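Read off the chains here:
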Amino acid sequence: MIPATMPPTAHSPSGKRGTVLITGTDSGLGLAFVHTFLAENWIVFAGWIQTDSPVTHMDNPHLIPVFLDITDLESIKAARSEIMAHTPSLDLLINNAGINPDCGIPLEKLDFDVVQQVLNVNAVGPLRVTQQCVGLLRKGAYKRIVNLSSEAGSIIDCRRKSWFGYSMSKAALNIQTRLLQNYLGAEGFRVYSAHPGGMRTGMGSAVAGLSPQESANRLYAPITGFADNDIPQFFELDGKPMRW
Ligand SMILES: NC(=O)c1ccc[n+]([C@@H]2O[C@H](COP(=O)([O-])OP(=O)(O)OC[C@H]3O[C@@H](n4cnc5c(N)ncnc54)[C@H](OP(=O)(O)O)[C@@H]3O)[C@@H](O)[C@H]2O)c1
């Protein structure tokens, strides 16, 4: 069990070491977030699904890898029990896991099983995790939820003619952010959507401008910023506002 009073850090509003659950840490941005938050002295619960995930091999006493498939409620409940064996509360939830198997597929060739899978992972998955973790977050000092969204989910800036499943899933995730803020805001929660920029990850393009580590590092300050009201609810790198 993590002691109630951890060494103070500059990053925890309670003076305790912050606790964060990050989903989708097998690769890409999720794995980069693990490195960023560990370097900033957080206790990190890292959701993994791949056998041999890098997080299961990292040797750090403040890293607790937990198997977590965000499409499977039982898996999420089991992960929550594992987290509760270490701590009675969570300060921050980062819903990072996502997939994008349908980019560029035109309307006539859409496979609706794939479209439903994308919606299930990218839009319903984070809601499942939030539902199961909200009790732990209520007991946390931070009460913060960050949904990894995308510019592809912005309705006002939409110029694409495809990416149906992915774009629809991120727009749905954005309205989820607003609904959760409305539901939980009075309890002191802050719920955000964040766009990490185009990254060189399994999902992103090999020629994208950003490494996932640069994105994680530049999202850290707005994600953990204490001047809550200064942070736009939908933001990109360095906390710059995004249009819904
Ligand atoms: N890459 C970009 O340019 C970009 C741009 C805008 C937004 N984003 C968003 O940023 C987030 C991270 O993307 P990324 O580029 O880092 O992608 P990535 O490298 O493909 O990583 C996504 C992670 O999610 C995991 N995952 C997939 N399905 C899951 C499930 N059912 N349960 C738990 N984990 C699951 C993957 O695990 P496995 O690999 O083991 O399947 C992987 O670790 C995503 O939400 C994405 O939509 C990315």
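Reading the values: the criteria
Residues numbered from 1 in each chain as written. Predicted model: local features only at pLDDT ≥ 70, side-chain atom pairs only at ≥ 80, totals over all residues. Heavy atoms only, no water. Helix = DSSP H or I, 4+ residues; strand = E, 2+ residues; numbered from the N terminus. Buried < 20%, exposed > 50% of the residue type's maximum accessible area, 1.4 Å probe, protein only. Near = heavy atom within 4 Å. Polar contact = N/O pair within 3.5 Å; in protein donor to acceptor, adjacent residues only side chain to side chain. Areas by Shrake-Rupley, 256 points an atom, 1.4 Å probe, with all protein chains shown as cover. 1 Å grid on protein atoms, 1.4 Å probe; cavity = no way out; pocket = protein on both sides within 12 Å on 5 of 7 lines; lining within 4 Å. Sits in = over half its atoms within 2 Å of the grid points. Nonpolar A, V, L, I, M, F, W, Y, C, P; charged D, E, K, R; others polar. pLDDT = per-residue confidence, 0-100. Contact = heavy atoms within 4.5 Å. Pairing = 2+ DSSP bridges. Axes fitted to C-alpha atoms, helices over the stretch in contact; angles between N-to-C directions. Phe/Tyr/Trp six-rings, centres within 6.5 Å; stacked < 30°, edge-to-face > 60°. Lys NZ or Arg CZ within 6 Å of the ring centre and 35° of its normal. Salt bridge = Lys/Arg side-chain N within 4 Å of Asp/Glu carboxyl O.

**Q** Sorry if this is basic, but what is going on with unusual backbone geometry here?
**A** A negative phi angle characterises most non-glycine residues, just as the trans form characterises most peptide bonds. With a phi close to 75 degrees, Asn41 is a non-glycine residue in the positive phi region. Following the sequence through the fold, Asn41 ends up in the loop between helix 1 (28-39) and strand 2 (43-48). When its relative accessible area of 38% is taken as the criterion, Asn41 is described as partly exposed. Backbone geometry places Trp163, a non-glycine residue, at a positive phi of 60 degrees. Within the secondary structure layout, Trp163 lies in the loop between strand 5 (144-148) and helix 4 (164-184). Owing to a relative accessible area of 24%, Trp163 belongs among the partly exposed residues under this scheme.

**Q** Looking at this structure, how should I read the site of the ligand?
**A** In the neighbourhood of the ligand, 30 residues make up the surrounding shell, with Asp26, Leu29, Gln50, Tyr166 and Thr201 lying closest. A distance of 3.3 Å is found between an oxygen atom of the ligand and a side-chain nitrogen or oxygen belonging to Ser27. At a separation of 2.9 Å, a nitrogen atom of the ligand approaches a polar side-chain atom of Asp69. Relative to its free-state accessible area of 890 Å², the ligand is covered by the protein chains to the extent of 88%. Counting atoms within 2 Å of the grid points, the majority share of the ligand lands in the largest pocket. Put simply, the parts of the chain that give the shell around the ligand at least two residues each are helix 1 and helix 4. Of the residues in the shell around the ligand, the class split is 12 nonpolar, 15 polar and three charged.

**Q** It is not clear to me how the confidence of the model for the protein should be interpreted in this structure. Could you clarify?
**A** For residues with low pLDDT, the predicted coordinates do not support detailed interpretation. For the protein, per-residue confidence averages 93 on the pLDDT scale, and 92% of positions sit at 70 or higher. Scored below 50 in pLDDT, residues 1-10 makes 25 contacts in the model with residues more than four places away or belonging to other chains.

**Q** Honestly, the sheet that holds strand 2 in this entry has me stumped. Any pointers?
**A** The pairing of strands in a sheet comes from backbone hydrogen bonds and takes either a parallel or an antiparallel form. Pairing is parallel in the open sheet, where seven strands are placed in the order 3-2-1-4-5-6-7. Where the open sheet ends on each side, the last strands, each with one partner, are strand 3 (63-67) and strand 7 (234-235). Two strands pair when backbone bridges link them, and strand 2 and strand 3 are joined in this way by five bridges, in the parallel orientation. When the bridges of strand 3 are listed, Trp48 appears paired with Phe67. Of the strands in this sheet, strand 1 (19-22), strand 4 (92-95) and strand 5 are in contact with helix 3 (residues 112-138), which crosses strand 4 at around 175 degrees.

**Q** Explain the pairing of strand 1 to me, please; I cannot follow it from the model alone.
**A** Within a regular beta strand, the side chains point alternately toward one face of the sheet and then the other, so they alternate between its two faces. Side chains Thr19 and Leu21 of strand 1 all project onto a buried face; the interleaved residues Val20 and Ile22 project onto the opposite face, where all are buried too. With four bridges joining them, strand 1 and strand 2 adopt parallel strand pairing. Within strand 2, the position partnered with Leu21 by the bridge is Phe45. Relative to strand 4, strand 1 is paired through three bridges, and the arrangement is parallel. Looking across to strand 4, one finds that Leu21 is bridged to Leu93.

**Q** I tried to follow the packing of aromatic side chains on my own but got confused; where do I start?
**A** To describe a pair of aromatic rings, one takes the distance between the centres and the angle between the planes. Within the structure shown, the criterion is met by eight aromatic pairs. Taken together, the ring pairs in this structure connect Phe33, Phe37, Trp42, Tyr142 and Tyr220 into an aromatic cluster. In this structure, Arg144 is placed above the aromatic ring of Tyr142, and the distance from its NZ or CZ to the ring centre is 4.7 Å.

**Q** I would appreciate a short explanation of the pattern of salt bridges in the present structure.
**A** Once their charged atoms are close, side chains differing in charge can pair, the charge on each being opposite to the other. Per the stated rule, a full pass over the model turns up seven salt bridges. With a closest N to O distance of 2.7 Å, Asp157 and Arg243 form a salt bridge. Of this pair, Asp157 sits in the loop between strand 5 and helix 4 while Arg243 sits in the segment after strand 7, placing them 86 residues apart in sequence. Lys240 is paired through a salt bridge with Glu236; the nearest N and O atoms lie 3.5 Å apart.

**Q** Can you walk me through the environment of Gly125 in this structure?
**A** Residue placement: Gly125 occurs in helix 3. With a relative accessible area of 0%, Gly125 lands in the buried category. For Gly125 and Ile76, which are 49 residues apart along the polypeptide, the C-alpha to C-alpha distance reads 9.7 Å. Those residues in contact with Gly125 that lie beyond four places of it in its chain are Ile70 and Asn120.

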